[in-house]
Amino acid sequence: MIASVIGPIHMRAPTEAEAIRLEDRYRAARRKPADGETVDGALYDNGLEEVLACVTSHKVSELHPSDGGLLDDAPALFEQMAAEFRSLGGAGINAEPCAEAVTEDLARSFGKKAVGLSYGGVQLVARKLTWAEYNAFATERDEANLWGLLAKYGKRCVVSHTQEEVAELCGRFPYFAMTLGAKLYHVAQGAVDSSLGKSATA
């Protein structure tokens, strides 16, 4: 809940798609302007629509800056709303090392490529990114799709659960795939462990 002059603002948890769009748009909106570029805040989509879609206590028009809503008078309130959005979506949940998650069968199948993790009380195993995947990621990424790509590769690399089970995890934990993808990306860089698996806010 967020206190405001028009009353408490209540929000629901985002869907995975909303969380990915928010993070990619927020990151792109915070980029530095190119030489000679005139910066107009209205030109940047920072995930406003995704955040407002999760508000359950007020009409969008009461908050939307283009409608003369609350965020027109108090634009910094958006950061509190974005923080609430992330909290409700589980952005602060870590992907922690969990060696015991790697079963004998998975160890035989994937060897040193198997990465045991615990996320939100769920034990799982993912495989490390391959050479081809890592380089494809580097080629595909840009200012506007980093977290979407991390989520895609995160889901692809889970080997302990079926795709249906992965989809269920993403429904329970909207930031799961992004967090897992970030963890595997840093493992691919030779990191023994990395706190960047915490949340999608960079």
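The text that follows walks through the structure, step by step, so that each part is easy to find. (Residues numbered from 1 in each chain as written. Predicted model: local features only at pLDDT ≥ 70, side-chain atom pairs only at ≥ 80, totals over all residues. Heavy atoms only, no water.)

### Some remarks on the overall build of the chain
Part 1 of the argument: Counting its regular elements, the chain contains 10 helices and three strands.
Part 2 of the argument: Reading the chain from its N end, one meets helices and strands in the order α-α-α-α-α-β-α-β-β-α-α-α-α.
Part 3 of the argument: Within the chain, the proportion of its 202 residues that are buried is 44%.
Part 4 of the argument: Nonlocal contacts in the chain, meaning residues at least 24 apart in sequence, comprise 64% of its contacts between residues at least 6 apart.
Part 5 of the argument: Within the structure as shown, the chain displays about 10400 Å² of accessible surface, and the carbon and sulfur contribution to it stands at 53%. (Helix = DSSP H or I, 4+ residues; strand = E, 2+ residues; numbered from the N terminus. Buried < 20%, exposed > 50% of the residue type's maximum accessible area, 1.4 Å probe, protein only. Contact = heavy atoms within 4.5 Å. Areas by Shrake-Rupley, 256 points an atom, 1.4 Å probe, with all protein chains shown as cover.)

### What about the packing of helix α1 (residues 16-29) against helix α5 (residues 77-89)?
Part 1 of the argument: Running from amino to carboxyl end, α1 crosses α5 at an angle of 140°, the nearest separation of the two axes being 11 Å. Overall, the two elements α1 and α5 adopt an arrangement that is oblique. Where α1 crosses over α5, the handedness of that crossing is left-handed. When α1 is examined against α5, the residues E18, A19, L22, E23 and Y26 are found in contact with a partner set consisting of F78, E79, F85 and R86.
Part 2 of the argument: Across the contact of α1 with α5, the residue classes tally to five nonpolar, no polar and four charged. (Axes fitted to C-alpha atoms, helices over the stretch in contact; angles between N-to-C directions. Parallel < 35°, antiparallel > 145°, perpendicular 65-115°, else oblique. Left-handed = near helix turned anticlockwise from the far one by under 90°. Nonpolar A, V, L, I, M, F, W, Y, C, P; charged D, E, K, R; others polar.)

### Observations regarding the environment of A74
Part 1 of the argument: Tracing the sequence through the fold places A74 in the loop between α4 (70-73) and α5.
Part 2 of the argument: Distance in space between the C-alpha atoms of A74 and S4 is 9.4 Å, their sequence separation being 70 residues.

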